[in-house]
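# Per-entry structural report
Spelled out from the first residue to the last, the chains are:
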Amino acid sequence: METSSILWASTSVITFVVMVTATLYLYTYLLRKNRRFAWGSLGRDVVVLHISPRGRFAPNMSPFAIKLETFLRLAKIPYKVDFEEPFGPKGKTPWITLNGEELTDSQLVMQELARRYELTDNLTVEQQAVARALTVMVDEHLIWGLRVWRYDVDRGQGFSECMNNVPFYYKWLVPMQCWRMRNALWHQGMGRHTFREVKGFVKQDLAAIAGYLGDKPFLFGDEPCQTDCAVFAHLANILYNYQRSPFYAMVTNDFPKLSEYASRVRAKLWPNWYLLLDPAQPQRRLST
Ligand SMILES: N[C@@H](CCC(=O)N[C@@H](CS)C(=O)NCC(=O)O)C(=O)O
């Protein structure tokens, strides 16, 4: 091959690659801009909650998404749901847009909304300490125990089961996600324990919640508060998204009061739970 032909061929390839990249970039840019414009037109002070699509057994497969949506319902903050861009600026779901501002992380969003809407739970200093400890326990400890089952023991199988329309490329994506999560589990530390030890940790966390809940209807009395959003979300995740896991049996057999508690929060704040599933199910009477 002559040098001029090689030069011509490589210039064509490079031009093609640059043009495809530029087109893709421009397309993504315009798509994002259009979406933001559409979200902005939903109305002032309307929270746009960005989450992954609804699940088969619970309105979301992410406990953090359930937590934040439960909070929006509890606080009666008007919101609309977006499923097109579930991952936010930090690469995690859920996140929100409020009056053009992008806020991320369920806990930070709740704190910020509580500040802006002047929402307080009226807890004593001692209760605030317990609230903090319970929230961190479920968000940062319990969740990792569940992830060991989902991504290591069950190898992501339950993940696809929770979705109605599983996209065809999921059969390649799920092993990749499992590999990524096993890596994360190893670095976080939970992944270094035997599954028997992990079950022990989860049981201790559940026992702590049950112990504090006692015979109260909600964690801090007769009405749910922000901590109930987090605790309910993780219990709902076990009870509806992890039914094949040993954690489901653990909650229902060893801590029936936690099942009753989750049903109570669900009946109070998610009266349309069944209609939100994918596929939507006929609404049933929710027990309190
Ligand atoms: N601290 C975050 C945690 C959110 C989170 O871990 N979300 C998971 C889904 S349950 C996620 O986005 N995972 C994607 C990833 O890690 O790449 C919050 O409270 O919002």
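Residues numbered from 1 in each chain as written. Predicted model: local features only at pLDDT ≥ 70, side-chain atom pairs only at ≥ 80, totals over all residues. Heavy atoms only, no water.

A count of helices and strands for the protein chain gives ten helices and four strands. Starting at the N terminus and walking to the C terminus, you meet the elements of the protein chain as α-β-α-β-β-β-α-α-α-α-α-α-α-α. Each principal axis of the C-alpha atoms in the protein chain carries an extent, and together these give about 85 × 50 × 40 Å. Here the protein chain, with 288 residues, has 44% of them falling under the buried criterion. Across the protein chain, contacts joining residues at least 24 apart in sequence account for 71% of those joining residues at least 6 apart. Taken as a whole, the protein chain presents about 15800 Å² of accessible surface, with 59% of it coming from carbon and sulfur. Across the protein chain, the centroid of the 34 positively charged side chains sits 4 Å from that of the 27 negatively charged ones. (Helix = DSSP H or I, 4+ residues; strand = E, 2+ residues; numbered from the N terminus. Buried < 20%, exposed > 50% of the residue type's maximum accessible area, 1.4 Å probe, protein only. Contact = heavy atoms within 4.5 Å. Areas by Shrake-Rupley, 256 points an atom, 1.4 Å probe, with all protein chains shown as cover. Lys, Arg positive; Asp, Glu negative; His and termini not counted. Charge placed at Lys NZ, Arg CZ, Asp CG, Glu CD.)

What follows deals with the UniProt feature "transmembrane region" (unreviewed entry) in the protein chain. Cross-referencing UniProt, the feature "transmembrane region" (unreviewed entry) maps to residues 6-27 in the present numbering. The straight-line gap between the two end C-alpha atoms of residues 6-27 is 31 Å; of that span, 100% is helix and 0% is strand. (UniProt positions renumbered as here; feature names shortened; annotations may be inferred.)

All right, on to the UniProt feature "domain: Metaxin glutathione S-transferase" (unreviewed entry) in the protein chain then. Mapped onto this structure's residue numbering, the UniProt feature "domain: Metaxin glutathione S-transferase" (unreviewed entry) falls at residues 203-265. Between the C-alpha atoms that bound residues 203-265 there is a distance of 21 Å. The span itself is 73% helix and 0% strand.

So, on to the sheet that holds strand E1 (residues 47-50). Note on sheets: strands pair through backbone hydrogen bonds, and any given pair is parallel or antiparallel. Read from one edge to the other, the open sheet built from four strands follows the order E2-E1-E3-E4, with strand pairing classed as mixed. On the outer flanks of this sheet lie strand E2 (79-82) and strand E4 (101-104), each paired with one strand and no other. Each strand of the sheet is rotated relative to its neighbour by a mean of 25°, with strand direction disregarded. Sheet topology note: the E1/E2 ladder contains four bridges and is parallel. Bridge assignment links valine 47 to a residue of E2, and that residue is tyrosine 79. Taken strand by strand, helix H3 (residues 106-116) contacts E1, strand E3 (95-98) and E4, and its axis lies near 125° from that of E4. (Pairing = 2+ DSSP bridges. Axes fitted to C-alpha atoms, helices over the stretch in contact; angles between N-to-C directions.)

Around the ligand, a shell composed of Ser62, Phe64, Phe87, Gly91, Lys92, Thr93, Pro94, Asp105, Ser106, Arg147 and Arg180 is seen. Lysine 92 places a side-chain nitrogen or oxygen 3.1 Å from an oxygen atom of the ligand. Within the contact set of the ligand, a nitrogen atom lies 2.9 Å away from a side-chain nitrogen or oxygen of aspartate 105. Protein chains bury 80% of the 510 Å² of accessible surface belonging to the ligand in isolation. Considering only residue class, the shell around the ligand consists of three nonpolar, four polar and four charged. (Near = heavy atom within 4 Å. Polar contact = N/O pair within 3.5 Å; in protein donor to acceptor, adjacent residues only side chain to side chain. Nonpolar A, V, L, I, M, F, W, Y, C, P; charged D, E, K, R; others polar.)

Turning our attention to a nonpolar patch on the surface. Taken together, Val13, Phe16, Val17, Val20 and Leu24 make up a surface patch of nonpolar side chains, about 470 Å² in accessible area. Note on placement: phenylalanine 16 falls in helix H1 (residues 3-40). Its relative accessible area of 57% is what places phenylalanine 16 among the exposed residues. (Patch = residues over 30% accessible without salt bridge, like charges linked within 9 Å, V, L, I, M, F, W, Y side chains within 5 Å. Salt bridge = Lys/Arg side-chain N within 4 Å of Asp/Glu carboxyl O.)

If you walk through the whole model with that rule in mind, you get eleven aromatic pairs. Ring geometry for tryptophan 149 and tyrosine 242: centres 5.5 Å apart, planes at 50°, overall tilted. With a gap of 93 residues between them, tryptophan 149 in helix H4 (residues 125-153) and tyrosine 242 in the loop between helix H8 (226-241) and helix H9 (246-254) connect regions that are remote in the sequence. Here tyrosine 242 falls in the buried class, since its relative accessible area comes to 3%. Consider the rings of tryptophan 270 and tryptophan 273, whose centres lie 5.5 Å apart with planes at 80°: the pair is edge-to-face. Like tryptophan 273, tryptophan 270 is buried. Ring-pair connections join several aromatic residues into one group, and the members of that group are Phe168, Tyr169, Tyr170 and Trp172. When the ring centre of tryptophan 172 is taken as reference, the NZ or CZ atom of lysine 171 above it lies at 4.8 Å. Note that arginine 266 overlies the ring of tryptophan 273, its terminal NZ or CZ placed 5.2 Å from the centroid. (Phe/Tyr/Trp six-rings, centres within 6.5 Å; stacked < 30°, edge-to-face > 60°. Lys NZ or Arg CZ within 6 Å of the ring centre and 35° of its normal.)

Within the fold, leucine 68 resides in helix H2 (residues 63-74). Here leucine 68 falls in the buried class, since its relative accessible area comes to 0%. Each C-alpha atom, one on leucine 68 and one on isoleucine 96, is 9.5 Å from the other, the two residues being 28 residues apart in sequence. The residues touching leucine 68, leaving out its near neighbours within four places in the chain, are Leu49, Pro94, Ile96, Ser106, Val109 and Met110.

So, about the nonpolar core. Buried together is how nonpolar side chains tend to be arranged in soluble globular proteins. Residues Leu206 and Trp273 are the most contacted members of the largest nonpolar core, which totals 44 residues. Among the elements of the structure, H4, helix H7 (195-213), H8, H9 and helix H10 (256-269) are those that each provide at least two residues to this core. Ignoring anything within four residues of it in the chain, the contact list for tryptophan 273 reads Phe57, Ala58, Pro59, Phe232, Ala236, Tyr240, Arg266, Gln283 and Leu286. (Core = buried A, V, L, I, M, F, W, Y, C linked by side-chain atoms within 4.5 Å.)

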